[in-house]
Amino acid sequence: AADPVMVAEIAAQGARSLSDLRAALGGYEHCELKKGARNLVFADGNPAARVWILGEAPGRDEDLEGRPFVGRAGQFLDRMFAAIGLSRDSADPATSLYITNVMPWRPPQNRDPEPDEIAMMRPFVARHIALVDPEVIVVMGNTSLRAALNTTGILRARGQWAQGFGKPVLPMVHPAYLLRNPAAKREAWADLLSLQAKLRG
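Residues numbered from 1 in each chain as written. Predicted model: local features only at pLDDT ≥ 70, side-chain atom pairs only at ≥ 80, totals over all residues. Heavy atoms only, no water.

**Regarding the nonpolar core**
Put simply, the rule is: By nonpolar core we mean a set of buried residues, namely Ala, Val, Leu, Ile, Met, Phe, Trp, Tyr and Cys, connected to one another through side-chain atoms within 4.5 Å. Relative accessible area decides the class of each residue, using a 1.4 Å probe on protein chains only: under 20% of the type maximum gives buried, over 50% gives exposed, and in between gives partly exposed. Here a helix means four or more residues in a row that DSSP labels H or I, a strand means two or more in a row labelled E, and each is numbered from the N terminus. What makes two residues a contact is simply this: any of their non-hydrogen atoms within 4.5 Å.
Core analysis: the largest hydrophobic core is formed by 59 residues, its most contacted members being Phe81, Met121 and Leu195. No other element matches helix α6 (residues 115-132), which puts seven residues into this core. Setting aside residues up to four positions removed in sequence, phenylalanine 81 forms contacts with Ile53, Leu86, Leu97, Val138, Met140, Met172, Leu192 and Leu195.

Written out as structure tokens, the structure is:
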């Protein structure tokens, strides 16, 4: 049997554009999540953006609409980043966001992606980042923390800049966590201000 990660590496490296990469993901048959998903959730926002947001996996709303972060957590994410002047709808690279997930397909019952599922998607994420070439990456949640920095423990890692995919990476807790734990919003605001300072610096 073919090694799913090796197959992903070859498919991802062959992509010369975002449309190539989307097609390569659409043709990738080694991830079981694909069978239960309605839509491939690829990306949203401005590919010229300075800031790339890497989330975990689509939920029900995202699976239905085919876009990342459109449900309740996504609406909260939009409000969070609007507070520092960034929007997925902005045409200006200086004030826009580009938003993706590690997993392009919804896991059943919104379960956490397995390490092997993350591993087979990582080559696609790496190629996606290489094609878009953002200045900074914000990873939201443990799945994206594992994909970017090969570690877990987002509550410990949040707010601490690191290097991943050859870029400055800022770990933040997922907006869904903030909706469940409003007391954590103060730390998330500190992280947003850290991002704002990085962009200005």
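So, next bit.
**Concerning the sheet that holds strand β1 (residues 44-45)**
Selection criterion: The pairing criterion is simple: DSSP has to find at least two bridges between the two strands.
Here six strands make up an open sheet; going across it, the order is β1-β3-β2-β4-β6-β5 and the pairing mixed. Looking at the sheet topology across the chains shown, the edges are occupied by β1 and β5 (162-164). Where strand β4 (residues 136-140) and strand β6 (residues 167-172) come together, four bridges link them in parallel fashion. Its bridge partner being in β6, valine 138 is matched across the sheet by leucine 170.

**Thoughts on the packing of aromatic side chains**
We count it as follows: Each aromatic pair joins two rings of Phe, Tyr and Trp (for Trp, the six-membered one) with centres within 6.5 Å, and gets the label stacked for planes under 30 degrees apart, edge-to-face for over 60, and tilted for any other angle.
Applying the stated criterion to the full structure yields two aromatic pairs. Taking the centre distance of 5.3 Å and the plane angle of 75° together, the rings of tyrosine 28 and phenylalanine 124 count as edge-to-face. With tyrosine 28 in the loop between α2 (18-26) and α3 (33-36) and phenylalanine 124 in helix α6, the pair connects residues that are 96 residues apart, well separated along the chain. Overall, the relative accessible area of 3% leaves phenylalanine 124 in the buried class.

**With respect to the pairing of β4**
Taking burial as the measure, the five residues of β4 include five buried ones, the bulk of the element. Alternating residues of β4 divide into Val136, Val138 and Met140 and Ile137 and Val139, and every residue in both groups is buried. Across four bridges, the pairing between strand β2 (residues 51-55) and β4 is parallel. In the strand pairing of β4, valine 51 is matched with valine 136.

**As for α2**
Stated precisely, the cut-off is as follows: The directions from the helix axis to the C-beta atoms are what the arc is built from.
Those residues of α2 not exposed but buried are Leu21, Ala24 and Leu25. One face of α2 carries all of its buried residues, which in axial projection span an arc of 100°. Exposed residues on α2 whose side chains face more than 90 degrees from its buried face are Ser19 and Ala23. Taken together, the buried residues of α2 touch α1 (4-13), α3 and α6.

**Focus: helix α7 (residues 142-149)**
Residues spaced three or four apart along an α-helix face the same direction, because each turn holds 3.6 residues. Among the residues of α7, those classed as buried are Thr143, Ser144, Leu145, Ala147 and Ala148. Contacts from the buried residues of α7 go to β2, α6, β4, α8 (154-157), β5 and β6. One or two positions beyond α7, positive phi appears at asparagine 150, with a value near 55°.

**Description of unusual backbone geometry**
In this structure, phenylalanine 69 is a non-glycine residue whose phi angle is positive, near 55°. Residue classification places phenylalanine 69 among the buried residues on the basis of a relative accessible area of 4%. Positioned with a positive phi, glutamine 109 is a non-glycine residue whose angle comes to about 55°. Within the secondary structure, glutamine 109 is located in the loop between β3 (97-101) and α6. Overall, the relative accessible area of 73% leaves glutamine 109 in the exposed class.

**Concerning the environment of alanine 188**
Note on placement: alanine 188 falls in helix α10 (residues 185-200). Residues alanine 188 and alanine 15 lie 173 residues apart in sequence; the distance between their C-alpha atoms is 35 Å. In contact with alanine 188, not counting residues within four places along its chain, are Met80, Met172 and Leu178.

**Observations concerning the environment of glycine 201**
Structurally, glycine 201 can be placed in the segment after α10. With 70 residues separating them in the primary sequence, glycine 201 and leucine 131 have C-alpha atoms 24 Å apart.

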